[in-house]
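Chain residues, written in single-letter form:
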Amino acid sequence: MNLVKNGWQRQDCMEFRQFLEGQGDEQYRDFHSKLVPDGLGKMIGVRIPVMRKMAKEIAKGDYAGFLRFCEPQYYEEIMIKGLVIGYSKVDFKTALEMIDSFVPEITNWAVCDSFCSGLKVFLKKPEEGFDYLQKYRNSSETYCVRFLLVMLLDYYVKEDYLPQIFDICSEIKHESYYVKMANAWLLSVCCVKFPEETEQFLKGCELDDFTFRKTISKICDSYRVGKEEKERLKRLRELRGMKNAPH
């Protein structure tokens, strides 16, 4: 199917869905659906590299029409919409408008994380991008908050942004497993790049116990963190456990 179109219409998107249905891999679908149990919906089983290739082709043509008329019924359609936004050659203001429209459609961690990794436009306007992301700090929606945390992880683990990242990680009290795991993942990357600052933060942080433990577990799993530092963090985890234990 030719995906580089001058004008996408609703009928084109329906034909694209039929094309997608013919690209599925049943074994991959069964495997991937176990990795993404939350908010997956209907899945065909199209592999990520194949979807990336499709999205790149769509982005060469009338990507705006595709985004307008594509009304996803499958996981793959949502994923491709997010990838198309990342591949589209647009100015920063237009990119933010497209992101605003897409973020509410995110229903699982796989779409969220793949979408974030494709938003290279933030490399061109880091300060404006960081200011934009603040709108998601107080959201009650799981994947709005995870979007914020993964974007910070992908583009902002730098010395200038570190204090603000620590503030955000402390501030977020969302109960979702997928938010807490993203928070722990972000902090573990901070520790790899800025071990002293992150260890100091963890000593006095207000993270919930689950996120705190997962953060240290992820750090200890990293081969880029030294043995002595891992031992100090394990001891810190033990001390916190003793402090919070019922008497």
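Cut-off values and rules
Residues numbered from 1 in each chain as written. Predicted model: local features only at pLDDT ≥ 70, side-chain atom pairs only at ≥ 80, totals over all residues. Heavy atoms only, no water. Helix = DSSP H or I, 4+ residues; strand = E, 2+ residues; numbered from the N terminus. Buried < 20%, exposed > 50% of the residue type's maximum accessible area, 1.4 Å probe, protein only. Contact = heavy atoms within 4.5 Å. Areas by Shrake-Rupley, 256 points an atom, 1.4 Å probe, with all protein chains shown as cover. Lys, Arg positive; Asp, Glu negative; His and termini not counted. Charge placed at Lys NZ, Arg CZ, Asp CG, Glu CD. Axes fitted to C-alpha atoms, helices over the stretch in contact; angles between N-to-C directions. Parallel < 35°, antiparallel > 145°, perpendicular 65-115°, else oblique. Nonpolar A, V, L, I, M, F, W, Y, C, P; charged D, E, K, R; others polar. Left-handed = near helix turned anticlockwise from the far one by under 90°. Arc of directions from axis to C-beta. Phe/Tyr/Trp six-rings, centres within 6.5 Å; stacked < 30°, edge-to-face > 60°. Lys NZ or Arg CZ within 6 Å of the ring centre and 35° of its normal.

J.: Hey, could you run me through the overall build of the chain in this one?
T.: The helix and strand tally for the chain stands at 14 helices and zero strands. Reading the helices (α) and strands (β) of the chain from amino to carboxyl end gives α-α-α-α-α-α-α-α-α-α-α-α-α-α. C-alpha atoms of the chain, sized along the principal axes, occupy 65 × 40 × 30 Å. Per-residue burial over the chain gives 51% buried out of 247 residues. In the chain, of all internal contacts separated by at least 6 residues, the share reaching a separation of at least 24 is 70%. Surface summary for the chain: the accessible area is close to 12,900 Å², and the carbon and sulfur share equals 49%. Averaging the locations of the 38 positively and 38 negatively charged side chains of the chain gives two centres separated by 3 Å.

J.: Mind showing me how you'd approach the packing of helix 9 (residues 142-155) against helix 11 (residues 177-193) here?
T.: Two numbers describe how helix 9 lies on helix 11: the axes approach to 9 Å, and their chain directions differ by 10°. Between helix 9 and helix 11, the angle falls in the class roughly parallel. Seen from helix 9, the contacting residues are Thr142, Tyr143, Val145, Arg146, Leu149, Val150, Leu152 and Leu153; seen from helix 11, they are Tyr178, Val179, Ala182, Asn183, Trp185, Leu186 and Val189. Partitioning the contact of helix 9 with helix 11 into residue classes produces twelve nonpolar, two polar and one charged.

J.: Just checking my understanding: could you explain the packing of helix 6 (residues 92-102) against helix 8 (residues 126-133) for this structure?
T.: Helices that pack against each other are described as a pair by the angle of their axes relative to one another and the distance between those axes. Close contact between helix 6 and helix 8 brings their axes to 12 Å; oriented N to C, the two are set at 25°. Judged by the angle between their axes, helix 6 and helix 8 are roughly parallel. The chirality of how helix 6 crosses helix 8 is right-handed. Between helix 6, through Phe92, Leu96, Ile99 and Asp100, and helix 8, the contact on the second element is made entirely by Glu128, Gly129 and Tyr132. Taken together, the residues of the contact of helix 6 with helix 8 break down into four nonpolar, one polar and two charged.

J.: Any chance you could explain helix 8 here in plain terms?
T.: Those residues of helix 8 that fall on the buried side of the exposure criterion are Gly129, Phe130, Tyr132 and Leu133. Seen along its axis, helix 8 keeps its buried residues to an arc of 160°; they face one direction. Facing away from the buried side of helix 8 by more than 90 degrees, the exposed set consists of Glu127 and Asp131. For helix 8, the secondary structure elements touched by its buried residues are helix 6, helix 9 and helix 10 (162-171).

J.: For this particular structure, what's the right way to read the packing of aromatic side chains?
T.: This model, assessed by the stated rule, comprises 18 aromatic pairs. Both rings, one in tyrosine 156 and one in tyrosine 161, keep their centres 4.9 Å apart while their planes meet at 75°; by these two values the pair is edge-to-face. Tyrosine 156 gets classed as buried once you look at its relative accessible area, which sits at 0%. Taking the relative accessible area as the measure of exposure, tyrosine 161 reaches 12% and is therefore buried. One cation-aromatic arrangement involves lysine 5 over tryptophan 8; the distance from NZ or CZ to the ring centre is 5.6 Å.

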